[in-house]
Amino acid sequence: KNIAIFASGTGSNAQKIIDHFRSSGLARVSVILSNKADAGVLTIAEREQIPAVVIDKEQFFRGDTYVKLLQELGTDLVVLAGFLWKVPANLVQAFSGRIINIHPALLPKFGGKGMYGHFVHEAVLAAGEKESGITIHYVNEKYDDGGVILQERCAILPEDTPDTLARKVQVLEHQWFPLIVERLLK
Ligand code: GRF
């Protein structure tokens, strides 16, 4: 099975997924796409000898270049791992039910455009939440809105900061995202 990963940042989730399938015959990450030419995830792609694509914004939102590319690669699952652009309708439709995203909070709260990275954890703490966590969900035409696949929680302690909360949430991401990807591809 072929996994395509879209990421905008460091790519720690991408790395965990690559590691998870390294010795498995079930699936492999066949392409990594990023909207940022200097994203850490592209360095991971290079080191792992995985084909990498820097996305052209115009083409992504107006053409079907990337839909065709993913179809030609025989992509079975599209994984958004810290991808900051909304997925255009043609891609959502072409891979309906086969695009998933991970969000570092318990949707439907603390989701939507602009809610990523530290902004999410700051908002959760500012709201006085007693817990946070991750949401892995199907992607549809709206931000952070598709059907929920899995949510896992972590406690928030009074002394927590956006940094300490981010770290607790990241542990959940790294633990669960590869397992959900595997479950969906089985
Ligand atoms: C993670 O917090 C993930 O939940 C969010 O973007 C971040 C990606 O981090 N979607 P990384 O680039 O995988 O380290």
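Residues numbered from 1 in each chain as written. Predicted model: local features only at pLDDT ≥ 70, side-chain atom pairs only at ≥ 80, totals over all residues. Heavy atoms only, no water.

**Some points on the site of the ligand**
Every residue lining the ligand is accounted for by Gly9, Thr10, Gly11, Ser12, Asn13, Gly82, Ile102, Pro104, Gln170 and Glu173. Gly11 places a polar main-chain atom, nitrogen or oxygen, 2.7 Å from an oxygen atom of the ligand. The side chain of Ser12 places a nitrogen or oxygen atom 2.5 Å from an oxygen atom of the ligand. For the ligand, whose free accessible area comes to 370 Å², the fraction covered by protein is 83%. Looking at the shell around the ligand, the elements that each hand over two or more residues are helix 1 (12–22) and helix 7 (162–185). Grouping the constituent residues of the shell around the ligand by class yields 2 nonpolar, 7 polar and 1 charged. (Near = heavy atom within 4 Å. Polar contact = N/O pair within 3.5 Å; in protein donor to acceptor, adjacent residues only side chain to side chain. Areas by Shrake-Rupley, 256 points an atom, 1.4 Å probe, with all protein chains shown as cover. Helix = DSSP H or I, 4+ residues; strand = E, 2+ residues; numbered from the N terminus. Nonpolar A, V, L, I, M, F, W, Y, C, P; charged D, E, K, R; others polar.)

**Describing the pairing of strand 2 (residues 28–34)**
A regular strand places its side chains so that they alternate between the two faces of the sheet. Where burial is concerned, most of strand 2 is hidden: 6 out of the 7 residues are buried. Sheet topology places strand 1 (residues 2–6) next to strand 2; 5 bridges connect them, and they run parallel. Paired with Asn2 across the bridge in strand 2 is Arg28. Since strand 1 and strand 2 lie parallel, the crossover through helix 1 that links them has a hand, and here it is right-handed. For strand 2 and strand 3 (residues 52–54), the ladder comprises 3 bridges, and the chain directions are parallel. Paired with Ile32 across the two strands is Ala52, which belongs to strand 3. (Buried < 20%, exposed > 50% of the residue type's maximum accessible area, 1.4 Å probe, protein only. Pairing = 2+ DSSP bridges. Right-handed = clockwise from strand over helix to strand, strands pointing away.)

**Overview of the nonpolar core**
Counting 39 residues, the largest nonpolar core has Ile3, Ile5, Ile17, Val79, Ile136, Phe177 and Val181 as the members making the most contacts within it. Of the residues forming this core, the biggest block, 8 residues, is contributed by helix 7. Not counting residues within four places of it along the chain, the set of residues in contact with Ile5 comprises Ala14, Ile17, Val29, Val31, Ile32, Leu33, Val79 and Ala81. Counting residues in each nonpolar core, the second largest holds 19 residues, with Val67, Val78, Val87 and Val139 among its members. (Core = buried A, V, L, I, M, F, W, Y, C linked by side-chain atoms within 4.5 Å. Contact = heavy atoms within 4.5 Å.)

**Quick look at helix 6 (residues 118–126)**
Buried within helix 6 are the following residues: Val120, His121 and Val124. Down the axis of helix 6, the sector holding all buried residues measures 90°, keeping them to one side. In this structure, the buried side of helix 6 is in contact with strand 5 (99–103), strand 6 (131–138) and helix 7. Gly128 occupies a position one or two residues after helix 6 and carries a positive phi of about 70°. (Arc of directions from axis to C-beta.)

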